[in-house]
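# Structural overview
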Amino acid sequence: MGNNNSKNIKKKPLKTLTKSKQDTSNTSLLSPIGRISRISNELLTRKFSQIESYSLRASFDNLSTVNERGIAHITKGAFIGYLGFPDDIGAGPLIYRSFTYLANYPSVGHTNAHLTYDGLIKAVAIYCDLTEDIINDDRVKLLFDSFSISDSDIYNEQKDPLKSSEPSISQIPQLVTPEDTEFLKAIGFYETDPSKISKVQKQDMVKILTGLIWLMSSEMSSINASSEELKQNLKKIISPKFINQIHEDAVHVVEHMKRYNNNNNNNIKSDQVITWLTFNNFIERNAPNIFRGFIPFIYGQFLIGLTLSRHRSDTLFQGPKVQYWPKLDSQSDILNQMNMGLLSWMLPESVIKRRYWNCLYSSSKHGFSMNRFHRNVFKYPGAGKNEVMITSKNKKHGNTLLLGAYVAEPWKSTSNPKTCFGSEECTLFEVLPVFEKFPATKFNSNYVYYNPSFGIGLGGIATSSIISNVITTSDQNSFALQVDNTLQFGRYRNDAAHHEVKPTYRLSATRQYFDIPFEVIEIEVFGLGGDLAKEKQDKEWEWEEAEAAKRSGYKRNGNKEDKEILKLAGIIDDDSRKEIQTWES
């Protein structure tokens, strides 16, 4: 592994600023930081607090040098060293390139412009999503463009004389109407100048995603950690082994991302680049939060964190008492920092902002049992939001699968083979080996099925047809993902022609068919309801079990009040309306 550049940059003491926030944003200010543009002035005045403005200016003063023309700017080496990415990741130079691109806004472009204070303001604001009503361009598109490479650079690497004279769609504007041109431009597919079609080299995209996962893994590993634990965590996250594991995950994601490409531009080898259209198609379905990890990192580096916490004693990046990622309340065999990072791209942002995720059920800890699953997962309060994670092996090929589901409602049990629960917020996902999300189609409401005698099914019904009422085998039912009632065997399927029931979750965008029986290695369920949800669940179970214990030595008297109490206690199945026989002690 290469040396960490951050060790080679000796940071100057933060300078004491004497001007107020209003003074530093004055458009007439020329020395030592140069003129502040109208956009930067608005950002400082309207979007940054006084301490954030102070921290940004202090960071610039700490890192900047003045060239022979008297221009104060941050050099590439100083910037990369300050970010502190290990060299093996390769993200530092790309983020510097991105910053210099955004610094020129609105005349964005990859030039040799210096990263001045004015440019730093704009780049930091865009990275931290602090631009509303001032910079109205799509933030994700701006960030993607800032990592892009020009066609001329690609041609120099991939030049093919046999193809150099072949026109691309963007070189034949007479074939489309002006209205078509504007529409295609809006979605990033068509440009009259092919050099303006945004594209990022595949190897650069791998570096960017590796950097993002590394950032999230680093911060998650430092939440509430002691000083000694921080040292151990730091040693781990900069190790070649850890970085290589992240790199492999990023490669898997980018390989799948490439398959969303439907651009037939013959001037470039599309397997070497990711176009904006390809990237946008991928993230809209699978990873809407893909660039979110930049926000806490850049905020901590430039707007507060390192100004308030000079030695990073509280966390690796963000300064004192700041937590941007959820903390698990117990050790997980499935959700390591890397998998948490990948999941953060898929799940709703409101869930990612929760301080704690509660491990409700672990098959290795609580046992492979529907009864134990029920006892630990049911009665989770509020919206009941939780996440089911399954690691498994394909029986035939031995490949490891990491599958999951986001369940947005409290769990319910039923004996009716066609009665499911859930909402259109529910989703299925595969994290490994393919990174893909399966959102709800809204064709039906067959989101989640739970029956102690059957098991768990998602995205279908337990019968062989709509008119049947008989629970059938996994070969004949319509579930996209199911686990049997031993919680040890399951099936994962993508087959549009398999069943007459329309799919509850969207089919794979890149794989036409798969049908994978698997053996379960581990199942874990995490409650995502917030800090107090698990405590409320425990109290609910305590009360119910206490009430059931009071009546354990008595027969039911049949009156209405007792019947309602027994329903609450779970002694009567409310769905089937069948009473379970009690016994005398």
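- As annotated in an unreviewed UniProt entry, the protein chain is Restriction of telomere capping protein 5 from Rhizophagus clarus.
- A UniProt comment under Subcellular location (unreviewed entry) is attached to the protein chain, and it reads "Cytoplasm".
- In the Function (unreviewed entry) part of its UniProt record, the protein chain is described as follows: "May be involved in a process influencing telomere capping."

## With respect to the overall build of the protein chain
- Regarding its fold elements, the protein chain presents 21 helices and 17 strands.
- Looking at the protein chain residue by residue over its 585 residues, the buried ones come to 52%.
- At a minimum sequence separation of 6, the contacts of the protein chain that also span at least 24 residues come to 69%.
- Roughly 27400 Å² of accessible area belongs to the protein chain as shown, and the carbon and sulfur atoms make up 49% of that amount.

## Quick notes on helix α3 (residues 50-63)
- The end-to-end C-alpha distance of α3, which contains 14 residues, comes to 20 Å, matching closely the 20 Å that a straight helix rising 1.5 Å per residue would cover.
- Of all 14 residues that make up α3, 11 are buried, and the element is covered over most of its length.
- When we look at burial in α3, the residues that qualify are E52, S53, S55, L56, R57, A58, S59, F60, D61, N62 and L63.

## As for unusual backbone geometry
- Cis geometry is adopted by the peptide bond preceding P106, which originates at Y105 and carries an omega value of 5 degrees.
- As for its placement among the helices and strands, P106 is situated in the loop between α5 (91-102) and α6 (117-127).
- Cis geometry is adopted by the peptide bond preceding P433, which originates at L432 and carries an omega value of 0 degrees.
- With respect to the helices, strands and loops of the structure, P433 is situated in the loop between β9 (427-432) and β10 (436-439).
- Unusually for a residue other than glycine, D133 sits at a positive phi of about 70 degrees.
- Structurally, D133 is set in the loop between α6 and α7 (139-146).
- Phi at K379 takes a positive value of approximately 70 degrees, unusual for a residue other than glycine.
- Inspection of the secondary structure puts K379 in the loop between α19 (370-377) and β7 (386-394).
- Overall, K379 belongs to the partly exposed group, its relative accessible area being 28%.

## Here's the deal with the side chain of N446
- Inspection of the secondary structure assignment puts N446 in the loop between β10 and β11 (448-451).
- What makes N446 buried here is its relative accessible area of 11%.
- Setting aside its immediate chain neighbours within four residues, N446 contacts C420, L458, G459, G460, I461, V501 and T504.

## Quick notes on the pairing of strand β15 (residues 514-527)
- Buried residues dominate β15, accounting for 10 of its 14 residues.
- As paired elements, strand β6 (residues 356-362) and β15 share four bridges and run antiparallel to each other. Each residue of the ladder has a partner; that of C359, found in β15, is F526.

## Here we look at the environment of F514
- With respect to the helices and strands, F514 occurs in strand β15.
- Sequence separation between F514 and D495 is 19 residues; the distance between their C-alpha atoms is 6.7 Å.
- Not counting the four nearest positions on each side in its chain, F514 is found in contact with Y492, R493, N494 and S508.

## Concerning the environment of N280
- With respect to the helices and strands, N280 occurs in helix α13 (residues 276-286).
- With a relative accessible area of 19%, N280 lands in the buried category.
- Sequence separation of N280 and M257 is 23 residues, and the distance between their C-alpha atoms is 9.6 Å.

## Describing the pattern of salt bridges
- Applying the stated criterion across every chain yields a total of 20 salt bridges.
- Of the charged contacts in the structure, one is a salt bridge between R38 and E42, with a shortest N-O distance of 2.5 Å. Residue R38 and its partner E42 are both found in helix α2 (residues 38-46); the two are separated by four residues, about one turn of the helix.
- On the accessibility criterion, R38 (56% relative accessible area) is exposed.
- The exposure class assigned to E42 is partly exposed, which follows from its relative accessible area of 23%.
- Overlapping salt bridges bring together R285, E430, E436 and R511 as one network.

## Let's talk about the side chain of S478
- Relative to the assigned elements, S478 resides in the loop between β12 (455-458) and β13 (481-484).
- Among residues more than four places away in sequence, those in contact with S478 are G459, G460, I461, T463, R493, H498, H499 and V501.

## Remarks on the nonpolar core
- In terms of nonpolar packing, the biggest core is built from 140 residues, with F99, L209, F279, F291, F302, W345 and W411 touching the most fellow members.
- For this core, the leading source of residues is helix α10 (residues 202-222), giving 10 residues.
- Here this core spans two domains, and each of domain 1 (34-151 + 196-323) and domain 2 (347-550) adds at least three residues to it.
- In this structure, Y449, F454, A462 and F479 belong to the second largest nonpolar core, which totals five residues.

Criteria and cut-off values
- Residues numbered from 1 in each chain as written.
- Predicted model: local features only at pLDDT ≥ 70, side-chain atom pairs only at ≥ 80, totals over all residues.
- Heavy atoms only, no water.
- UniProt positions renumbered as here; feature names shortened; annotations may be inferred.
- Helix = DSSP H or I, 4+ residues; strand = E, 2+ residues; numbered from the N terminus.
- Buried < 20%, exposed > 50% of the residue type's maximum accessible area, 1.4 Å probe, protein only.
- Contact = heavy atoms within 4.5 Å.
- Areas by Shrake-Rupley, 256 points an atom, 1.4 Å probe, with all protein chains shown as cover.
- Expected span 1.5 Å × (residues − 1).
- Pairing = 2+ DSSP bridges.
- Salt bridge = Lys/Arg side-chain N within 4 Å of Asp/Glu carboxyl O.
- Core = buried A, V, L, I, M, F, W, Y, C linked by side-chain atoms within 4.5 Å.
- Domains from an automatic or database assignment.

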